[in-house]
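Understanding the architecture of this molecule
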Amino acid sequence: MVTHVSAEAHGDERGALLAFVEAQRGALRRAVLGLTDEQAARVPSASELSLSGLVKHAAGAELSWLRMAQQRPNEQIKTEEDWQNGFRLVGDETVAGTLAHWAGVAEETEEFLRSVPSLDDTFPLPEAPWFPKDAAVSMRWLMLHLVEELARHAGHADIIRESLDGKTAFALVAAERG
């Protein structure tokens, strides 16, 4: 991590977790800084991942977890047939549009997580082969999982960006700060 993350106040667990989630979002946003849509869609390695695809996937994953926690249907649920489109821009999608969508998801995530009475509150996980039967997780678990998910993809983004034009996370932080 190339930025310092601090809680809003000493002992503010919720603020600290939200700050770490936002720091990882920031790393992914910086990875596309200054790139065209075409550059962000490039796949410079044996992997099928692109920067624009990672940004789109991160936004979609965050929305999916938010909807699970809210116990609401996900309006952007993917079918098995279009799963791969969750990792690439299609049709008239753009990096700017995807970032704007994600900003809205991020705002909704923060509002929701600040509104829950306790980080110990739980929500059920859906039936899926990769989840334990009848499992539930806490809001704290959700926040830690978002840090994990976003950090994993921020690391992917660092490698892809450096492969594209040699810019490292440190250089992108400096560019973002002017």
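It should be emphasised that the depicted structure is a prediction, and the values quoted were computed from it without experimental measurement.

Considering the environment of H156
- The residue H156 is located in helix α5 (residues 139-165) in this model.
- Classification of H156 as partly exposed rests on a relative accessible area of 28%.
- Expressed as a C-alpha distance, the spacing of H156 and L51, which sit 105 residues apart in the sequence, is 8.5 Å.
- When sequence neighbours within four positions are dropped, the list of residues in contact with H156 reads L49 and L54.

Regarding helix α4 (residues 95-115)
- Between its first and last C-alpha atoms α4 spans 30 Å; for 21 residues at 1.5 Å apiece the expected length is 30 Å, and the two agree.
- Those residues of α4 not exposed but buried are V95, T98, W102, V105, A106, T109, F112 and L113. Projected onto a plane normal to the axis of α4, the buried residues spread over an arc of 130 degrees and lie on a single side. In α4, the exposed residues that point more than 90 degrees away from the buried face are A96, A100 and E107.
- Looking at the buried positions of α4, the neighbouring elements they touch are α1 (13-31), α2 (37-40), α3 (51-70) and α5.

Focus: the nonpolar core
- Counting residues in hydrophobic clusters, the biggest one holds 43 residues, and the most contacted among them are F123 and M139.
- When contributions to this core are tallied by element, the ones reaching two or more residues are α1, α3, α4 and α5.
- The leading source of residues in this core is α3, at 10 residues.

Topic: the packing of α1 against α4
- Orientation of α1 relative to α4, taken along the N-to-C sense of each, is 175 degrees, at an axis distance of 11 Å. With respect to their mutual orientation, α1 and α4 come out roughly antiparallel. Where α1 abuts α4, its residues R14, G15, L18, R25, L28 and R29 lie against L99, W102, A106, T109, E110, L113 and R114.

A few points about the pattern of salt bridges
- Taken as a whole and assessed by the stated rule, the structure comprises 13 salt bridges.
- With a shortest N-O distance of 3.2 Å, E176 and R30 are connected by a salt bridge. Separated by 146 residues along the polypeptide, E176 in helix α6 (residues 169-177) and R30 in helix α1 bring together distant segments of the chain.
- A relative accessible area of 43% places E176 in the partly exposed class.
- Here E93 and K56 are joined by a salt bridge, their closest N and O atoms 2.7 Å apart. Placement of the pair is E93 in the loop between α3 and α4 and K56 in helix α3, with a sequence separation of 37 residues.
- Residues joined in a network through salt bridges with shared partners are E22, R25, R29 and E62.

Describing α6
- When α6 is considered as a whole, its buried residues turn out to be A169, L172 and V173. Each buried residue of α6 lies within a common arc of 105 degrees when the element is viewed along its axis, so the set occupies one face.
- Where α6 is buried, its residues meet α1 and α5.
- A positive backbone phi angle near 80 degrees is found at G178, which sits one or two residues after α6.

Here we look at the packing of aromatic side chains
- According to the stated counting rule, one finds 4 aromatic pairs in the structure shown.
- Seen from their ring centres, W65 and F131 are 6.0 Å apart, and the 75 degrees between their planes marks the pair as edge-to-face. On the criterion of sequence distance, the pair formed by W65 in helix α3 and F131 in the loop between β1 (122-124) and β2 (136-138) is long-range, its members being 66 residues apart.
- On the accessibility criterion, W65 (9% relative accessible area) is buried.
- Take F131: its relative accessible area is 18%, and that puts it in the buried class.
- Look at W83 and F87: their rings are 5.8 Å apart centre to centre, the planes differ by 65 degrees, and that puts the pair in the edge-to-face class.
- What links up through ring pairs into an aromatic cluster is the set W65, W130, F131 and W141.

The rules behind the values
- Residues numbered from 1 in each chain as written.
- Predicted model: local features only at pLDDT ≥ 70, side-chain atom pairs only at ≥ 80, totals over all residues.
- Heavy atoms only, no water.
- Helix = DSSP H or I, 4+ residues; strand = E, 2+ residues; numbered from the N terminus.
- Buried < 20%, exposed > 50% of the residue type's maximum accessible area, 1.4 Å probe, protein only.
- Contact = heavy atoms within 4.5 Å.
- Expected span 1.5 Å × (residues − 1).
- Arc of directions from axis to C-beta.
- Core = buried A, V, L, I, M, F, W, Y, C linked by side-chain atoms within 4.5 Å.
- Axes fitted to C-alpha atoms, helices over the stretch in contact; angles between N-to-C directions.
- Parallel < 35°, antiparallel > 145°, perpendicular 65-115°, else oblique.
- Salt bridge = Lys/Arg side-chain N within 4 Å of Asp/Glu carboxyl O.
- Phe/Tyr/Trp six-rings, centres within 6.5 Å; stacked < 30°, edge-to-face > 60°.

The values reported here are purely geometric and, on their own, carry no functional implication.
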